[in-house]
Structures are given as C-alpha cells and as structure tokens.
Amino acid sequence: MKSIACVILLTLITHSLLSQSKHEEIKRLQLLAKENEERAIRAEALARQYKSEADRANQYLERLRLQALAKLFSEESIEQGERETAGLLALQAYSYNTQGGGYEFESHIYAGLIHALKRYDRFPQLLISNNQSTHFIQARSDAVYSLVNNNTVLKWTNQSNTWRSEELIKIKQGIIGAIEVNSSGKLLCLGVIGSNQKHHFELFDLTKPERVPTIISTDKNAIIQIVFKPDGLGFYALSDSGLSIMLGDATSIKEVIQPKERISSIDMSPDGKIIAGTGAFGNLYLWNVGDYSFTDIKVLKDGSSLGPLLFTPDGKYIVFGDQKGDLRMFNVSEKSIWRQLMSHKSKVEGLAFSHSGKFMVTTSTDQTIRVWNLSELNRPPMTTKAEYTFGPIVFS
C-alpha cells in the first residue's frame, strides 16, 4: 500500500510540475507574441512613415520637375518666332508653374506671358501718340488723369477694356508744372508757371461741370509737385525749383518750409503728421507737421541726388530711389534704413503702390518696369523691358 501511495504522490507531483512548466511556457509564449505584435505595429508605422516620406519626396521631385518645365517653356516662348506657339508655350509655362506650386509671381513666368502679349499687340496699350509729352498722375476712383503738352489735362476711363480719354481742362496761358487730384477724386489742383512771373495755382471742383477754377497766386516759381493732405482739402506744394514748400487751401497759400537744400520729391504720411522729402545732396528729410521741425538723415555719402519718394500705404516705411537705380526702405519709427534693394541699372524715375498695398512698381531710365511683391522682397521682381524710357507711373 505504501508503494502505491508513493507512486500516486509522485504522479501528482510530476503532474503539478508539468502543469506549472506548461503555464510558464504559455506565459512566455504570450509575452513573446505580444512583443512580436508590438514589433509588427512599430514596423507597420515605420513602413507608413517611410511611404509618407517617399510620397513627399516624389511630390517634391514632381514639383521641381514641373517648375523646371515651366522655366524651360517660358524661355522657349520668348525665343519662339511664331506668335501662336509663343503664346501657347507661355500659357503652358504658367500652368506648369501653378501645378508645381511655384512662386505665384515668378519673374521668368511673367516675362514669357508679357512677351507673348506684346506679340499680340495687347501689351502695353499706348494711350498717347509719341509726339505728345505726357505725364500721368495717380488714378482716382474709376479714372486716370494725365497732363499732355504741359497745358492740357485729359481724363481717362476704361470702357469695355479700352481706355478712352476726354479733354478735361486746357489752360490758355503758361505751362502746367504740377498736377494732382485729391483722394476723393473731387478736387484737382494745377501748379501753373505763368508768363511775366504770374505763377499761380488753379483749384478745380470736378463735381461741377463748368469747371471754373479758384485762382491762388504765388510769388514762387517753378512749381514742381503738389501733394494733397489726407483730408483732401489742403495741399502742400514743392516750388521754387525745390527750395520752398508751401501750404495751400481753397483761398490762399503760404511758405511753411525753407529746406536746407534743393528737394527732389515730397510725400505726406497717411496720418498727415509727417512730410518727407528727398534732397539733391543725398539727404532724407522728415518735417513734423505743426511746428515743421525736422530730422535730416544722410543717406548717400557721395552727396548725389535722391529721387522719387513715397510712404508705404501703412505709413511704416518711406521708399525712395536714387540716380544709380537703387531703392531704399526707411523705417519711420526707428529712423533708419531698413532695407536696400538693388533694383535698376540707372536713375529711378517713378514709384507707386497698388491700392491693396501688396505691390510696389518702379520705373527707370534703364527702360524697365519692375513690380515688387512687398511680402516677398527677397525674390526677384517681375520685370518688363521696353524700347523707351518710363517716367512716373500709377496703378489704375
């Protein structure tokens, strides 16, 4: 009996040990399975990551390919002799650049488009014959005003994509040295250089059809620029060949500033608190409206003349050009040069901002127009070349 009991006990112990061993083996296998599952999940996630990176790389390469094709097609469109083919290539270049996520205002893409438009005589649209001297001023409302042959003001309106003009004002004596329209488009001011030193300003109410001007006499000569105040009522005039700045209204005018040097161009800040001017000896001037105290900043050490000047629409910067073709952006609050742009190859002649404040356009004696995206100044501007010299310029 004892031997039977021992056998039974031994069997139970063996069974228990085997059960414990199987249980541990199951736990080990379960742990291993879990680890393998986690490895598989990680491998799957890594595979998805690699696939995503590969897809992004392929997309990036595809964008580069499309942008390269866009540049190639644009260059081909310019060299193409047949205008229909040139137009199609320019359009395809634009399409490839868009599909490839290229810079929206890429200069070489627009060079191809502009070249194609020229081939179709669609750009630029010549508004005045070559034998007439024309000076365009800033567009107001739905019209653009121009001075022709120094004695006639034309009003241009866009009718069914065609610009048409009407004679607005023609003076009988003297020549018009300066012209400006206020922000509302209701008042037009002419600075007239008269015979026998009878210089004066003529202020027109454009809302009245008879257009009989208010005459404001002055003893200053060579009226070269007029800038309306933001309220559209008073105005400042640069006269005496840049040696006098006057303040005028509907009835009178008086000198308020005698600059230290001859001033080339003036502008007023959007808030009406500052008058800025560029000097003939390389200085930038800031006059405080009220007491007309000023700050002068030496910009060009060689003393050469600065050119046209404008406040940016937000009033934070003053942009001005020089004789060499460079542009500078002056930070008004910090009173320092914020940025210099190597723009043109020769004298800057014109400067304007789009109504949205997004673009700046410049013209030069180097026969180019350059359009700058103010939020992307590190990128090259869109450039148009012509066979003639551009002067002052405006956005319609």
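Remember, it's a predicted structure, so these values are computed and weren't measured experimentally.

What to know about the overall build of the chain
Then, in step 1: In terms of regular secondary structure, the chain is built from three helices and 24 strands.
Then, in step 2: Taking all 396 residues of the chain together, the buried fraction comes to 41%.
Then, in step 3: A fraction of 37% describes how many contacts in the chain between residues 6 or more apart in sequence connect residues 24 or more apart.

Describing helix H3 (residues 107–119)
Then, in step 1: In this model H3 runs 18 Å from its N-terminal to its C-terminal C-alpha over 13 residues, within 8% of the 18 Å that 1.5 Å per residue would give.
Then, in step 2: Among the residues making up H3, those that are buried are Ser107, Ile109, Gly112, Leu113, Ile114 and Ala116.

Some remarks on unusual backbone geometry
Then, in step 1: We note that Tyr292 has phi near 60 degrees; this positive angle belongs to a residue other than glycine.
Then, in step 2: Take Tyr292: it is sitting in the loop between strand E15 (283–288) and strand E16 (294–298).
Then, in step 3: The class of Tyr292 is buried, set by a relative accessible area of 16%.
Then, in step 4: Non-glycine residue Lys335 carries a positive phi angle of around 50 degrees.
Then, in step 5: By relative accessible area, Lys335 is classed as partly exposed at 43%.

Here's the deal with the packing of aromatic side chains
Then, in step 1: Under the counting rule described, the total for this entry stands at 11 aromatic pairs.
Then, in step 2: Between Tyr317 and Trp338, the aromatic rings sit 4.8 Å apart at their centres with planes inclined by 35 degrees, giving tilted as the arrangement. Linking Tyr317 in strand E18 (residues 317–322) with Trp338 in strand E20 (residues 336–341), this pair joins segments that are 21 residues apart in sequence.
Then, in step 3: By relative accessible area, which is 18% here, Tyr317 ends up buried.
Then, in step 4: In this structure an aromatic cluster arises from ring pairing among Tyr94, Tyr103, Phe105, Tyr110 and Phe359.
Then, in step 5: A cation over a ring is seen here: Arg339 above Trp338, with NZ or CZ 5.6 Å from the ring centre.
Then, in step 6: Positioned above the aromatic ring of Tyr103, the side-chain terminus of Arg379 is 4.1 Å from the ring centre.

Quick word on helix H2 (residues 83–99)
Then, in step 1: Over its 17 residues, H2 runs 24 Å from end to end, which matches the ideal 24 Å to within 8%, given 1.5 Å per residue.
Then, in step 2: For H2, the full list of buried residues reads Ala86, Gly87, Leu89, Ala90, Ala93, Tyr96 and Asn97.
Then, in step 3: Capping the start of H2 is the job of one residue whose side-chain oxygen sits 3.3 Å from the backbone nitrogen of Glu84: Glu82.

Quick look at the sheet that holds E18
Then, in step 1: The four strands are arranged E17-E18-E19-E20 in an open sheet whose pairing can be described as antiparallel. Sheet topology places strand E17 (306–311) and E20 at the edges, where each strand pairs with a single neighbour. Direction aside, neighbouring strands of the sheet carry axes that sit 25 degrees apart on average.
Then, in step 2: Looking at chain direction, E18 and strand E19 (residues 327–331) are connected through five bridges and run antiparallel. Across the sheet, the residue bridging to Ile318 is Phe330, located in E19.

Quick look at the side chain of Ser364
Then, in step 1: Here Ser364 lies in strand E22 (residues 359–364).
Then, in step 2: We classify Ser364 as buried; its relative accessible area is 0%.
Then, in step 3: Of the polar contacts made by the side chain of Ser364, one reaches the backbone oxygen of Ser346; its length is 3.0 Å.
Then, in step 4: At a separation of 3.0 Å, a polar atom in the side chain of Ser364 contacts the main-chain amide nitrogen of Asp366.
Then, in step 5: Once residues within four sequence positions are removed from consideration, Ser364 is found in contact with His344, Ser346, Lys347, Val348, Glu349, Thr389 and Phe390.

Here we look at the environment of Ser336
Then, in step 1: Here Ser336 lies in strand E20.
Then, in step 2: In this structure the C-alpha to C-alpha distance between Ser336 and Tyr317, which are 19 residues apart in sequence, comes to 9.8 Å.
Then, in step 3: What Ser336 contacts, discounting residues up to four positions off in sequence, is Met329, Phe330 and Asn331.

Describing a nonpolar patch on the surface
Then, in step 1: A contiguous nonpolar surface patch, about 300 Å² in accessible area, is contributed by Tyr60, Leu61 and Leu64.
Then, in step 2: Within the secondary structure, Tyr60 sits in helix H1 (residues 2–79).

Quick notes on the side chain of Asn331
Then, in step 1: Locating Asn331 in the fold gives a position in strand E19.
Then, in step 2: Judged by its relative accessible area of 8%, Asn331 falls in the buried class.
Then, in step 3: Each residue touching Asn331, except ones within four places of it in the same chain, is listed here: Lys316, Tyr317, Ser336 and Trp338.

What about the nonpolar core?
Then, in step 1: Counting 15 residues, the largest nonpolar core has Tyr145, Val153, Leu168, Ile169, Leu188, Leu190 and Leu206 as the members making the most contacts within it.
Then, in step 2: With residues near it in sequence (within four places) discarded, Leu168 still touches Tyr145, Val153, Leu154, Lys155, Leu188, Leu206 and Arg211.
Then, in step 3: Ile274, Ala276, Phe320 and Phe330 belong to the second largest nonpolar core, which has 14 residues in total.

Thoughts on the sheet that holds strand E13 (residues 263–268)
Then, in step 1: Ordered by their spatial adjacency, four strands build an open sheet running E13-E14-E15-E16, and the pairing between neighbours is antiparallel. The outermost strands of the open sheet, each flanked by one partner alone, are E13 and E16. Going from strand to strand, the sheet's axes swing by 20 degrees on average, the running direction of each strand aside.

About the cut-offs
Residues numbered from 1 in each chain as written. Predicted model: local features only at pLDDT ≥ 70, side-chain atom pairs only at ≥ 80, totals over all residues. Heavy atoms only, no water. Helix = DSSP H or I, 4+ residues; strand = E, 2+ residues; numbered from the N terminus. Buried < 20%, exposed > 50% of the residue type's maximum accessible area, 1.4 Å probe, protein only. Contact = heavy atoms within 4.5 Å. Expected span 1.5 Å × (residues − 1). Phe/Tyr/Trp six-rings, centres within 6.5 Å; stacked < 30°, edge-to-face > 60°. Lys NZ or Arg CZ within 6 Å of the ring centre and 35° of its normal. Polar contact = N/O pair within 3.5 Å; in protein donor to acceptor, adjacent residues only side chain to side chain. Pairing = 2+ DSSP bridges. Axes fitted to C-alpha atoms, helices over the stretch in contact; angles between N-to-C directions. Patch = residues over 30% accessible without salt bridge, like charges linked within 9 Å, V, L, I, M, F, W, Y side chains within 5 Å. Areas by Shrake-Rupley, 256 points an atom, 1.4 Å probe, with all protein chains shown as cover. Salt bridge = Lys/Arg side-chain N within 4 Å of Asp/Glu carboxyl O. Core = buried A, V, L, I, M, F, W, Y, C linked by side-chain atoms within 4.5 Å.

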